[in-house]
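Single-letter residue listing:
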Amino acid sequence: MQNLNAKKDLMQILNEHGFSRRDFLKWSSGMATMLGLGVTFAPNIANAVENASNTPVIWLHMAECTGCSESLLRSDAPTIDSLIFDYLNIEYHETVMAASGHQADENLENAIKKHAGKYVLLVEGAVPAGSSSFYLTLGSKGHTGEEIAKKACENAEAILAIGTCSSFGGIQAAAPNPTNAVPISKITNKSVINVPGCPPSEKNIVGSVLQLLLFGSMALDNFNRPKWAYEHRIHDYCERRGHFDAGEFVESFGDEGAKKGYCLYKVGCKGPYTFNNCAKHRFNQHTNWPIGAGHGCIGCSEPDFWDSMQAFEEPLKNKSFRTFFNDATSDKIGIGVLTLTGVAIAAHATISTIKKDKE
Ligand code: FSX
Ligand code: SF4
Ligand code: F3S
């Protein structure tokens, strides 16, 4: 993302990092498949990317850890996904732009004015709002994040909330929410596409922007998350699912089951309640993902995950039964085994609860 405003040819950017046109077309096919469009859509993806430099993009940071930007940019060997972002017409992004102070403020004001009604707004982080908005003040004029975000939303053509903080409030909004942090959708009447995850994968960020550039909209779930990425539960595509069905669980971290790659449910995995595609697409150039690394999913792409998915290393006491028996998709596979496992898990969860209450 080094070339804010500086126009460069897409292939020039890719070539500089060792990618050929062939690599780009292969990437376009992969992206078309990932978005559920089919490989015949690959040329449309390539075209959309090649024309993407015509769409101005403003990326705002609110209250967050910058992990979402990191997810996209952090790579000693940049992927085509992150290089595509070099090529977009990024008018403003605090982490990577050269400007600071007054100049940065001016850049943002000018971009909003110049591209009013035409830019795509990406917002990272939750927004401390109302009488608590002073918890986030930005720039040389001391505007609150809420003021800046409201203005940017008013003039945007489309708004994407990047990350769980921006989508649902995230960790900033966890109880007791001392800064009254709210998702971006709470400070605008416009529709917001939520791309949650703490952080979301680079694939989910780039894929959602591309869907928008291609179609101007996309199918969303009840939480306004793009269906192509958040339609399925982690549990349904998890590489440890066979062990769940067979009743083979890690009982404590580092035990024999852990060495054998058993299911992490009993040590707190929230994959059964979490909708995201990490199991399929992973992170860091498809290297790994939380469950692959040996810890359960903590439900980071779900609303209120910090409060509702705790304790992260114990099963949820209240959700086990309801979720398993309402689960039409996974129950098609080995319903007897799953039911028994569900009962065992519920019993385990109850015992853990009793133990905890006694403590
Ligand atoms: Fe939130 Fe993004 Fe978590 Fe961090 O900035 S989604 S705290 S990974 O990075 O907003
Ligand atoms: Fe995978 Fe977690 Fe489901 Fe086990 S409970 S199969 S580790 S998602
Ligand atoms: Fe988050 Fe769970 Fe994926 S913790 S990164 S949704 S595996």
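Everything here concerns the structure above.
Every value quoted in this text rests on a predicted model; they were computed, and no experiment measured them. (Residues numbered from 1 in each chain as written. Chains lettered and ligands numbered in written order. Predicted model: local features only at pLDDT ≥ 70, side-chain atom pairs only at ≥ 80, totals over all residues. Heavy atoms only, no water.)

A. Expanded view of the layout of surface pockets. By volume, the second largest pocket is sized at about 320 Å³. Forming the walls of the second largest pocket are 18 residues, and the residues nearest its centre are Tyr 92, Asp 105, Leu 108, His 143 and Ile 148. When residues of the lining of the second largest pocket are traced back to their parent elements, those giving at least two are helix H6 (101-114) and helix H7 (145-154). The class makeup of the residues in the lining of the second largest pocket is eight nonpolar, five polar and five charged. (1 Å grid on protein atoms, 1.4 Å probe; cavity = no way out; pocket = protein on both sides within 12 Å on 5 of 7 lines; lining within 4 Å. Points joined across faces, edges and corners; volume = space filled by probe spheres on them. Helix = DSSP H or I, 4+ residues; strand = E, 2+ residues; numbered from the N terminus. Nonpolar A, V, L, I, M, F, W, Y, C, P; charged D, E, K, R; others polar.)

B. Representation of the packing of aromatic side chains in the model. Applying the stated criterion across every chain yields a total of nine aromatic pairs. Geometrically, the ring pair formed by Phe 168 and Phe 223 is edge-to-face, given 6.0 Å between the ring centres and 75° between the ring planes. Linking Phe 168 in helix H8 (residues 164-168) with Phe 223 in the loop between helix H9 (202-215) and helix H10 (227-230), this pair joins segments that are 55 residues apart in sequence. Look at Phe 168 and you get buried, because its relative accessible area is 12%. Among the aromatic side chains, those forming a connected cluster through ring pairs are Phe 244, Phe 249 and Tyr 265. The residue whose ring lies beneath Lys 280 is Tyr 237, and the NZ or CZ to ring-centre distance is 4.9 Å. (Phe/Tyr/Trp six-rings, centres within 6.5 Å; stacked < 30°, edge-to-face > 60°. Buried < 20%, exposed > 50% of the residue type's maximum accessible area, 1.4 Å probe, protein only. Lys NZ or Arg CZ within 6 Å of the ring centre and 35° of its normal.)

C. Region of the structure containing empty space enclosed by the protein. In this structure the tally under the stated criterion is four cavities of 30 Å³ or more. Within this model, the largest cavity holds a volume of roughly 100 Å³. For the largest cavity, the full set of lining residues is His 235, Cys 238, Arg 240, Arg 241, Phe 244, Cys 263, Leu 264, Tyr 265, Cys 269, Gly 271, Pro 272 and Ile 291. Looking at the lining of the largest cavity residue by residue, the classes come out as eight nonpolar, two polar and two charged.

D. Layout of the sheet that holds strand E2 (residues 89-93). The strand order across the open sheet built from five strands is E2-E1-E3-E7-E9, with neighbouring strands paired in parallel fashion. The outermost strands of the open sheet, each flanked by one partner alone, are E2 and strand E9 (192-195). Taken pair by pair, the neighbouring strands of this sheet meet at an average axis angle of 20°, ignoring direction. (Pairing = 2+ DSSP bridges. Axes fitted to C-alpha atoms, helices over the stretch in contact; angles between N-to-C directions.)

E. Expanded view of the nonpolar core. Counting 41 residues, the largest nonpolar core has Phe 24, Trp 27, Phe 85 and Leu 122 as the members making the most contacts within it. By size, the runner-up hydrophobic cluster in this structure holds 28 residues, among which are Leu 108, Leu 121, Cys 153 and Val 182. (Core = buried A, V, L, I, M, F, W, Y, C linked by side-chain atoms within 4.5 Å.)

F. Molecular detail of the site of ligand 2. In the vicinity of ligand 2 lie 13 residues, with His 235, Cys 238, Cys 263, Leu 264 and Cys 269 positioned nearest. The site holding ligand 2 turns out to be the largest cavity. Residue classes in the shell around ligand 2 are distributed as nine nonpolar, two polar and two charged. (Near = heavy atom within 4 Å. Sits in = over half its atoms within 2 Å of the grid points.)

G. Region of interest: the pattern of salt bridges. The full count for this structure, using the stated rule, is twelve salt bridges. The residue Glu 302 makes a salt bridge to Arg 225 at a minimum N-O spacing of 2.8 Å. Here Glu 302, found in the loop between helix H14 (278-281) and helix H15 (305-308), pairs with Arg 225, found in the loop between H9 and H10; they are 77 residues apart in sequence, far enough to count as distant. The residues Glu 302 and Arg 225 share a single accessibility class, namely buried. A salt bridge links Asp 245 to Arg 241, with the shortest nitrogen-to-oxygen separation between them at 3.0 Å. Taken together, the residues span about one helical turn, with Asp 245 and Arg 241 both in helix H12 (residues 241-245) at a distance of four residues. (Salt bridge = Lys/Arg side-chain N within 4 Å of Asp/Glu carboxyl O.)

H. Representation of unusual backbone geometry in the model. Residues Ala 175 and Pro 176 are joined by a peptide bond in cis, for which omega reads 5°. Examined against the element boundaries, Pro 176 turns out to sit in the loop between H8 and strand E8 (181-182). Here the amide bond leading from Gln 310 into Ala 311 is cis, since omega sits at 0°, within 30 degrees of zero. Here Ala 311 shows up in the loop between H15 and helix H16 (320-325). The backbone of Thr 66 sits at a positive phi, close to 70°, despite the residue not being glycine. If you trace the backbone, Thr 66 turns up in the loop between strand E1 (56-61) and helix H4 (67-73). Under the relative-accessibility criterion, Thr 66 is labelled partly exposed at 23%.

I. Seen up close, the packing of helix H2 (residues 21-34) against helix H5 (residues 80-87). Running from N to C, H2 and H5 point in directions that differ by 105°, and their axes come no closer than 11 Å. As the angle between them shows, H2 and H5 are arranged roughly perpendicular. Together, Asp 23, Phe 24, Trp 27 and Met 31 of H2 and Ile 80, Asp 81 and Ile 84 of H5 make up the contact between the two elements. Residues that form the contact of H2 with H5 fall into these classes: five nonpolar, no polar and two charged. (Parallel < 35°, antiparallel > 145°, perpendicular 65-115°, else oblique. Contact = heavy atoms within 4.5 Å.)

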